[in-house]
Every structure is written in structure tokens, then in C-alpha cells.
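# A look at the structure
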Amino acid sequence: MKYNRYIAIGTLLLVVTVAGAWTVDRSTPSPALLPPGQPAVRDVHARCPGAKSPCTTCHPDATSSRWASDRLVPAMAVCESCHPEVKGATPVTPVTSACRKCHSDLGPAGKPVRGRYSRPNIRFSHTAHQQVADCKTCHPRAAARQPSPPHQDVVPMRACFTCHRTQGAPTGCRTCHLVEKDGRMVTQLGGRKLQPPVWLIGPNHGPTWHQNHAPTAGRESSLCASCHVDAFCQNCHTGALRPRKTHPGDWLRSHGVSSRLERPNCRNCHRKQSFCLTCHRRSGVAPDSPAESLTFRGQGRYHGTRTPREICRRARHDIGSCVSCHSERSCTSCHANARYNPHPPGFKNRCRKLASRNRRVCTKCHTNQPWNRCK
Amino acid sequence: MRPGLRIFTGALACVIVCWSPPAKGYDQQVSSSLWAEGYSVLARDGSPIRRRRIVEDLHLSAWNLIPGSSDPYYRGVRLSLNVHLRLDSDFAIQRHESRPGVKDGYVPGLTPLAIDALVVQLHIRDLLDGVLDVRLGRQIRIDTLGYFAFDGLATSFDLPAGIGIDTYIGYEVRGGDQLGYDALELDGTDSGDRHNMEADRYPDREEPRARLAVGMELSFSPRRWVDAAVSYRTVGLSMPLADQLLGGRLHLGSDPVWFDARAVWSPLIDKFTQIDAELATEPGEVVTISLDYHLYRPLFEGDSIFNVFALSPENDLGTRIELRLNESMALAGWGFVRLADETGGMTGDRQEALLLGAGGGVGGNYYSHARTLAVRFSGIEEWGEDRLGVEIGVGQGLLPLQRLWLNLRLSYWHVDDAESKRFSGNMVGYVLSARFRLAVGAEVLGEFEHYVDGDGEQRFYALALLKLDLWR
């Protein structure tokens, strides 16, 4: 009961945070791909409701444009064809009411601000797309004469991807995104980082990604390769350096209990009978270490006062930890006789099938072709 | 400096200095990470075991080998060559520790200088009008069955209607081979070099045998919201098999709900080795809520007796909540319970499923181009042992374009080790690091770690890293 107040406050904060984040407009492309700029005329398409001409009337170069960086904003001369009252106006001529009709944004000196159009960080060819789509397909707000954020009147990636997929066009990342010389996508743009969209592969690259990326990596390894080189994965999974996220704190001291807790699983990156056993033999922890005694800094045996039965019960659950110190000989010394049967119940009904795949394992404890006794 | 390291360092310098201008059209890349680390651990007799390592990761790549393929609108065949070498040297390993017969103290597998070739592959992409990819050489494969490293040939067909067919054949990369490494090998037997070793010394240790592997994966993804695959791999084409896996995966996902499942069956033990299932929802791309189940049963190589022991799998049932506040900030919480099913034991008694343990944590990240903050609290308890702690990390970029980056990580951990009380107790510590960008493609990192436990014992760790990424 005494925690009800804190639970209520926490729930309220969560609801407010989620609601606030939910209001973020996600219908426009990432500003990393289309950096916002400063247009010379704000919301020009909404300001010209009377223009019934095709888009190419003001943007004649669009049909021949092959690069997203092409400047397709019309020059002043194009506007003068419909607005003769501003003919001859330049940045140095006095500003009139005719100028202010379109140039609503004025600078400190009372002059219309110059248009600043950032270079898009994508690859796009209008020439290739005009054969399968018209302007309003990708620029719906302009076609509908609606206001739009500067340089942001394009459909989000999901629309592009869906159209590419249904039309049989390439859907690889490098089709549209900037790539490095090695073919990987450029992911760091303007201080922002690009990540795969959730609608494409599901939740990804969250705070716990290092713990739960395995299913996505196994399914989408080719997609991962769009951004990551092989070495990125190998740095952890075959690496020689200790990543701090999975080896926190004083790891040398606490790795014993961490390896038994198997969270994360050491075998994702280490072969215990090579990586672990070598150091354990060197430091005298393993039973077949070179040194004479089995005492551990005067503290007695590593397993303390545990009985063999207690140790083996734990081994049944966590034998992966045992192999970091013990070889098979540690187990065969007791289990190679009939007194301590290490097999699970019902093993005799399955051993023939298992022996058909590998009989060498049987001969380590049994003699005289034991698979003949299997059912 | 030892002769082998001297030769390698000289060769590396020659490659970098004499890297010739490229022939017309293709791009060359040399990436190098050179790091040195030093720390000490105490052996059971109280004597210090020092580690003084120098590790060099060298990547040599040639991209866009086909003329014209570097053009952004190029749609033809792409050809690249990738080499990843690693040299791992520990100067503190004594001669008698790495060579049998010198005197007592020999540890098999301990070598002061190891050279591994992790990847040496020729990659041909978009053959047959984009349908076929081919990789030839030493490579690492990641699929439904996990990681696998081999020397051989892999083909990948990307067919219409979302059908994919992957096949591969080659020899498994093994640690005992020249230029081989064992990180992706299965555990099970003590395998490695027995050169000059007496027969009665470490009798379990065997020379590794070459093992031919064959595998395939058939995938089907007719729509964006569904993906399914079946996979098969066998290591060893005839009895005795070293490894054999049969697996499948299913992905069903349409914003905002996704379902992932994966199962891997091993005919060597006639049981599932892994089952993973996750149901996740992400409404509005703000909150992620997931429920997951994981079953894990350790699998060993075919010769190992551990495969035929009575083993209990791990069954974890968990949940995860992530909250993306904005592009820079995220919060997360996770938790799980671990169930176990005792399989009879020595007396044959069968017990009911037990709740063996539980764990969880909360954390948060903040990233900007000039500053980072990460807080993480986690804990796990099982079989009377536990590990719980908190870590706080802050990072600050300094100088124009954050050329200098400083990091401080503070941590407190409590460990209760049931096997050895020597390692139980509280420990606090910090990691201080500085990274400086010398130039485009060149940076240097220095790191210092210091921990103190409840008994007043202290541990130190130092690391220096030089990274180079050169393009021509």
C-alpha cells in the first residue's frame, strides 16, 4: 500500500512521456537524409493556388535530373512569367509590396532571405522515376497545394520501399542511400545516426540490442552487412578485446559466477576448452594444472566443501561451465563404471540412433562394441 | 622484440608505406587496429601471472575490382577481396609455459605468438543479373544455425517470389591448424597441437582432424511481413559426425506487432539445442514491449561424452520494455525467470520443474554528438549465487568536431560466488579513457581501469589502441 503513490507517479510519468513522444510527426523523412533548409519563398505551392500548370512548367529540369543534388528550385525568371510586376527585381533593388507578397521571410535589413537548400543525403534520379510515377506520387503536399516543411515534401521511406517492392525495382539499401567505397551505407549524417526502420525488420538497435540481436542477425545477415563489415561482428564474437557491455565491472574477479549464470552465454564468443582452460591451467585453477598442489591460495579446493554429488547436480545444469576447467577424464574417472550412470532416463532406447552418427564417444567409457547392446 | 614479431611488424610497415596507387577503377583499403594491454592476476599459489599483450588486427581489402563498378548507378557484377589477419602476442608468457619438456609449468595451447587468418575471401556479387552471390575462401557464415567458420565455397541465390537458396561446402576452421582459430569451434574435446608432448601428458588432448562440412538454407519471404527458413549443416560427411544441426526460423511481422521463432535440433543428441521465441510490439515507434522464451541445451562436438550425459536445459522466460524518448534518449527495463527440468539424475528420480533463478535490470542512454550518458543496473540470481551492480558512464567530446573524447565509467558490483568465497564480496571501480583523433582515419585510445574490493585488494588494467583506416 505504501508504494501506491510511487507507482501512480511512475505510471503518470510514463503515460505523459509516451503521449508526448507519440505526437512527434513521423510522416516526413529523416532530417539526416533531407536536412531542412531555408526556402526563399515559404509554402510556395500553397501560395499559388491559381497555378493550374503541370509541375514541369516551373520545374522544367526535373525530367532530366539524375541526381538528388540537382538544383530544381526555379530561378526568378520562371516566376516573372506569371508575375510581371516583379520583373527586374534583384537582391539590391528596394523591396516592394509585390516582393512581400511571396517573400514573407525578411532578414535583419528588411531584405528577403536568400534560399538555402541543403544537399540531400540520398541518391535519386527523377529521370528513372518519371516513367513509373507522376510528381504527386512522391510530392503529395505540393500536388495538393498544401503547406509543407522546407525541403521535406517527399514521402517517407516506407512509401518508397513499398513501391519498389511492388514494381519489382531494386530494394537494396545502396539503391537509394549514399554508400562508402566498400558498399556500406553511410550511417553518420550531420551528427545523426541512421538505423533500420522498425517497420522493415522489427524493433532494433535499442538499449538492450547487444543482448537480443541474435534472431535478427541470423535472419537478416545480408541487411546487417549493409552497414556493418564482417569485422564489426568479429570484434566481439572472435575478438581479443573485452567489450565492456558484456564484461562489466571487475570481470577477472566476477567472471566465474557470471559464466555459470550464463547471461550472456560465454559460448557465443569463446571456446571454453581453449580460451578459458588455458588460463585456468596457467593460474592453477584447473585440476590438471602444472603446479603440484590443489589448494587455492590457502583457501582449499576450488569447489570448497561441496560433495561430488552436489557438484555433479550443478554440472547437470551447467556443464558448459565445468569444461572451462575439466577435461573428459575428470568425468570418466567416476562415470566409466556401471555404478554411476551418467545417461538420462530412457537413453538405452535412443543410443542405437545416436551411435549410428558417432560411435567414438561410446568407446571412451564402454568396451566391446557397446552399441550392440542398444535397443 | 621477438623475431616473429619483428618480421611481421616490418612486413606491415612495408605494406602501408609502399601501398601503390591503385590501378584505374578500384579502391584499396588498409585498416589496422594495434592495441597493447597489461594486467596481472594471482595464481593459486599467490604468485602474479602477468599479461602483456600486443594484438594487431589487419584488414586488407580491394573493392570495386571490376572497371566501372564504383559508379553509383552501376548495376553489374561486383568483385571484392577481403583479408582479415590477427596477430596476438603475449610477451609475459615464459618459455617453459609454451614448450613441453623445458621444465615444469607447460600449459598446452599457450603460445606467446599466434597468427590467425579470420577472413580471406573473394566475394562476387550480383552474378546472373543480381541473382547469385559467391564467396570463395575463408569466411564466416551467420544464419539460423548460428556462427560457422570454414574454408570453402558459398553460394547464395536470390530468386523471384522471395525464395532464397544458400549452399556451402568447405573445411571447418579449427584452432590447431596453421593460421586457424578456435573461437567458433564447438567445445567437447581437448584438441590442439601435441608436438613434442609426451604421450602420457594431457592424454585427452588430440591433434585436430580436418573436417569437411556441408550446409544449406532454404528461405522463403514472399511478402515483407513473413520470412521462413529451414537450415541444415553437417560437419563430417560420414560417421563419426562431428556436428549436425537442423534448424528453422519463422518471422511474422507487420507494424506494430512482430513474432520471431527459431528452433535448432541436433541429431547428435536427438534433442533441441536451442529454441527462441519472441513476441514484440512497438506502437508508434516509441515503446517496445516484448515477451521472450529461450531454451538452451549445450551441444558439444560429436566425439564428446558430454553429449550423452543427463543435462538439464536452461529455460528462460523474460520480458523487455524499451522507451525511445527521442533520437537521443532511451530507457529500458528487462527481466527473466529461469526454470529447469531435472532429468532424473543419478538415482533416476524425476523432479518437477524448479524455479532456479531470476534476473533483470533497468538502464538508460543519452547520446548526442558531443556528450553521452549511460546508466545501467542489473542483477541475476541462480542456485544461491548472485551478481548485481550498477554502472554509470559519462562521455564528453572536446575540441572542435569532438576530436578528443573523454569517458569515465563508475561501477559497483556485489558478487556472491557459491563455489569460491574468495571471489565473493563488493567491488568498486572506475574506467577512465581518452580517445583522440589524429587525422581522418587515424585515432589513438588510452584506457585505465582500477578496482578495489571489500578486502582492500586492488587491480589495475591498462590499454592503448591505435586505429588506422586508410583508403586509396
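Quick caveat, the model's predicted, so the values are computed rather than measured.

For the rest of this paragraph, the subject is helix α13 (residues 230–237) of chain A. All of the buried residues along α13 of chain A are Ala 231, Gln 234 and His 237 of chain A. With its buried residues spanning 135° around the axis, α13 of chain A presents them on a single face. If you follow the buried residues of α13 of chain A, they end up packed against β2 (48–63), β3 (78–90), β4 (113–126), β5 (132–143) and β6 (146–159) of chain B.

What follows deals with the packing of aromatic side chains. Counted by the stated rule, this structure contains 10 aromatic pairs over all chains. One aromatic cluster is present, formed by Phe 148, Phe 150 and Tyr 168 of chain B through successive ring pairs. Cation over ring: Arg 267 of chain A sits above Phe 300 of chain B, and NZ or CZ is 5.0 Å from the ring centre.

A separate point is helix α14 (residues 251–261) of chain A. Here α14 of chain A lies mainly inside the structure; 9 of its 11 residues are buried. What α14 of chain A keeps buried is the set Trp 251, Arg 253, Ser 254, Gly 256, Val 257, Ser 258, Ser 259, Arg 260 and Leu 261 of chain A.

To continue, consider the interface of chain A and chain B. Facing the 124 residues of chain A at the interface are 162 residues of chain B. Both faces considered, chain A and chain B share a buried interface measuring about 13100 Å² in area, 53% of it formed by carbon and sulfur atoms. At the boundary of chain A and chain B, one finds 18 salt bridges. Residue Glu 447 of chain B is joined to Arg 244 of chain A by a salt bridge in which the shortest nitrogen-to-oxygen separation is 2.2 Å. Where chain A packs against chain B, one counts 56 residue pairs in polar contact (both at pLDDT 80 or more). Residues belonging to the side of chain A that touches chain B are distributed by class as follows: 45 nonpolar, 40 polar and 39 charged.

Quick look at the domain arrangement of chain B now. All names here are of chain B. Domain parsing of chain B yields domain 1 (1–128), domain 2 (131–138 + 146–222 + 231–245) and domain 3 (369–472). Of the roughly 1800 Å² buried at the junction of domain 1 and domain 2 (both faces included), carbon and sulfur atoms supply 50%. For the pair domain 1 and domain 2, the number of links is 0 salt bridges. At the surface where domain 1 touches domain 2, the tally comes to 12 residue pairs in polar contact (both at pLDDT 80 or more). Residue assignment for the side of domain 1 that touches domain 2 shows that the elements contributing at least two residues are β4 and α3 (127–130). Ranked by residue count, the leading element in the side of domain 1 that touches domain 2 is β4, at 12 residues.

Residues and elements named next belong to chain B. As paired elements, strand β12 (residues 271–281) and strand β13 (residues 287–296) share 8 bridges and run antiparallel to each other. Bridged to Thr 281 within β13 is Ile 289. Here β12 folds back onto β13, and the loop between the two strands holds 5 residues, one of which, Gly 284, carries a positive phi near 70°. Where β13 lies against strand β14 (residues 314–324), 10 bridges are found, and the strand directions are antiparallel. The partner of Leu 295 across the bridge, within β14, is Asn 315.

One can read the domain layout of chain A as domain 1 (44–171) and domain 2 (343–375). Computed from C-alpha atoms alone, the centre-to-centre distance between domain 1 of chain A and domain 2 of chain A is 76 Å.

All names here are of chain A. The tally for this structure, following the rule as stated, stands at 0 disulfides over all chains. Cys 82 takes part in no disulfide bond, and the closest cysteine sulfur, belonging to Cys 58, lies 6.4 Å away. With no disulfide partner, Cys 163 has as its closest neighbouring cysteine sulfur the one in Cys 138, 7.1 Å distant. Cys 163 gets classed as partly exposed once you look at its relative accessible area, which sits at 32%.

Turning our eyes to something else, we now look at the side chain of His 280 of chain A. All names here are of chain A. The residue His 280 is located in helix α15 (residues 272–282) in this model. A distance of 2.8 Å separates a polar side-chain atom of His 280 from the backbone oxygen of Ser 324. Not counting residues up to four positions away in its chain, the partners in contact with His 280 are His 255, Val 285, Ala 286, Ser 289, Ser 324 and Cys 325.

If you walk through the whole model with that rule in mind, you get 49 salt bridges over all chains. Across the pair Asp 303 of chain B and Arg 360 of chain A runs a salt bridge, and its minimum N-O distance is 2.5 Å. Pair noted here: Asp 303 of chain B is in the loop between β13 and β14 and Arg 360 of chain A is in helix α19 (residues 360–363), and the two residues belong to different chains. Residue Asp 303 of chain B is classed as buried on the basis of its relative accessible area, which comes to 8%. By relative accessible area, Arg 360 of chain A is classed as partly exposed at 32%. When the shortest N-O distance is used, the salt bridge between Arg 141 of chain B and Asp 143 of chain B registers 2.7 Å. When sorted by exposure, Arg 141 of chain B lands in the same class as Asp 143 of chain B, which is buried. Residues participating in the shared-partner salt-bridge network are Arg 271 of chain A together with Glu 172, Arg 174, Glu 185, Arg 211 and Glu 301 of chain B.

Remark: the empty space left among the atoms is shown by a probe the size of a water molecule rolled over them. Across all of its chains, the model carries 4 cavities of 30 Å³ or more by this definition. Roughly 150 Å³ of internal volume is contained in the largest cavity. Forming the boundary of the largest cavity are 19 residues, of which Pro 203, Trp 209 and Thr 216 of chain A together with Glu 278 and Arg 320 of chain B lie nearest the centre. If one sorts the elements of the lining of the largest cavity by residue count, β14 of chain B sits on top with 3 residues.

We note that Ala 161 of chain B has phi near 65°; this positive angle belongs to a residue other than glycine. The residue Ala 161 of chain B is located in the loop between β6 and β7 (163–172) in this model.

All names here are of chain B. A surface patch of nonpolar side chains, amounting to about 710 Å² of accessible area, comprises Leu 373, Val 375, Ile 392, Val 394, Leu 408, Leu 410, Leu 432, Phe 448 and Phe 460. Elements with a minimum of two residues in the nonpolar patch: β17 (371–382), β18 (385–398) and β19 (404–416). Overall, the relative accessible area of 30% leaves Leu 408 in the partly exposed class.

Residues and elements named next belong to chain B. For Asn 407, the location among the structural elements is in strand β19. A residue is classified by how much of its surface remains accessible, and Asn 407, at 27% relative accessible area, is partly exposed. When the C-alpha atoms of Asn 407 and Glu 206 are compared, they prove to be 45 Å apart, with 201 residues separating the residues in sequence. Non-local contacts of Asn 407, meaning those with residues more than four positions away in its chain, are made with Thr 372, Val 394, Gly 395, Val 431, Leu 432 and Ser 433.

Attention now goes to the side chain of Glu 185 of chain B. In this fold, Glu 185 of chain B is placed in the loop between β7 and β8 (212–220). Note on Glu 185 of chain B: relative accessible area 7%, which makes it buried. Separated by 3.1 Å, the side chains of Glu 185 of chain B and Arg 174 of chain B make a polar contact. The contact partners of Glu 185 of chain B, leaving out residues within four places of it in the chain, are Arg 271 of chain A together with Glu 172, Val 173, Arg 174, Gly 175, Ser 191 and Arg 211 of chain B.

In this structure, Ile 319 of chain A together with Phe 300, Ile 305, Phe 306 and Phe 309 of chain B are the most contacted members of the largest nonpolar core, which totals 17 residues. Per-element accounting of this core gives the leading share, 3 residues, to helix α18 (residues 351–355) of chain A. Apart from the residues within four sequence positions on either side, Ile 319 of chain A is in contact with Pro 298, Phe 300, Phe 306, Phe 309 and Leu 311 of chain B. Counting 11 residues, the second largest nonpolar core, distinct from the first, contains Ala 240 of chain A together with Val 41, Val 55 and Leu 463 of chain B.

All names here are of chain B. Here β8 shows a buried face lined by Ala 213, Gly 215, Glu 217 and Ser 219 and an unburied face lined by Leu 212, Val 214, Met 216, Leu 218 and Phe 220. Bridge count for β7 against β8 is 9 bridges, and the pairing is antiparallel. Among the inter-strand pairings, Ile 169 is bridged to a residue of β8, identified as Val 214. Note: β8 against strand β9 (residues 226–235), 8 bridges, orientation antiparallel. Paired with Val 214 across the bridge in β9 is Thr 234. Hairpin connection of β8 to β9: 5 residues between the antiparallel strands.

Calculation criteria
Residues numbered from 1 in each chain as written. Chains lettered and ligands numbered in written order. Predicted model: local features only at pLDDT ≥ 70, side-chain atom pairs only at ≥ 80, totals over all residues. Heavy atoms only, no water. Buried < 20%, exposed > 50% of the residue type's maximum accessible area, 1.4 Å probe, protein only. Helix = DSSP H or I, 4+ residues; strand = E, 2+ residues; numbered from the N terminus. Arc of directions from axis to C-beta. Contact = heavy atoms within 4.5 Å. Phe/Tyr/Trp six-rings, centres within 6.5 Å; stacked < 30°, edge-to-face > 60°. Lys NZ or Arg CZ within 6 Å of the ring centre and 35° of its normal. Buried area = accessible area lost by both parts, 1.4 Å probe. Salt bridge = Lys/Arg side-chain N within 4 Å of Asp/Glu carboxyl O. Polar contact = N/O pair within 3.5 Å; in protein donor to acceptor, adjacent residues only side chain to side chain. Nonpolar A, V, L, I, M, F, W, Y, C, P; charged D, E, K, R; others polar. Domains from an automatic or database assignment. Pairing = 2+ DSSP bridges. Disulfide = S-S within 2.5 Å. 1 Å grid on protein atoms, 1.4 Å probe; cavity = no way out; pocket = protein on both sides within 12 Å on 5 of 7 lines; lining within 4 Å. Points joined across faces, edges and corners; volume = space filled by probe spheres on them. Patch = residues over 30% accessible without salt bridge, like charges linked within 9 Å, V, L, I, M, F, W, Y side chains within 5 Å. Areas by Shrake-Rupley, 256 points an atom, 1.4 Å probe, with all protein chains shown as cover. Core = buried A, V, L, I, M, F, W, Y, C linked by side-chain atoms within 4.5 Å.

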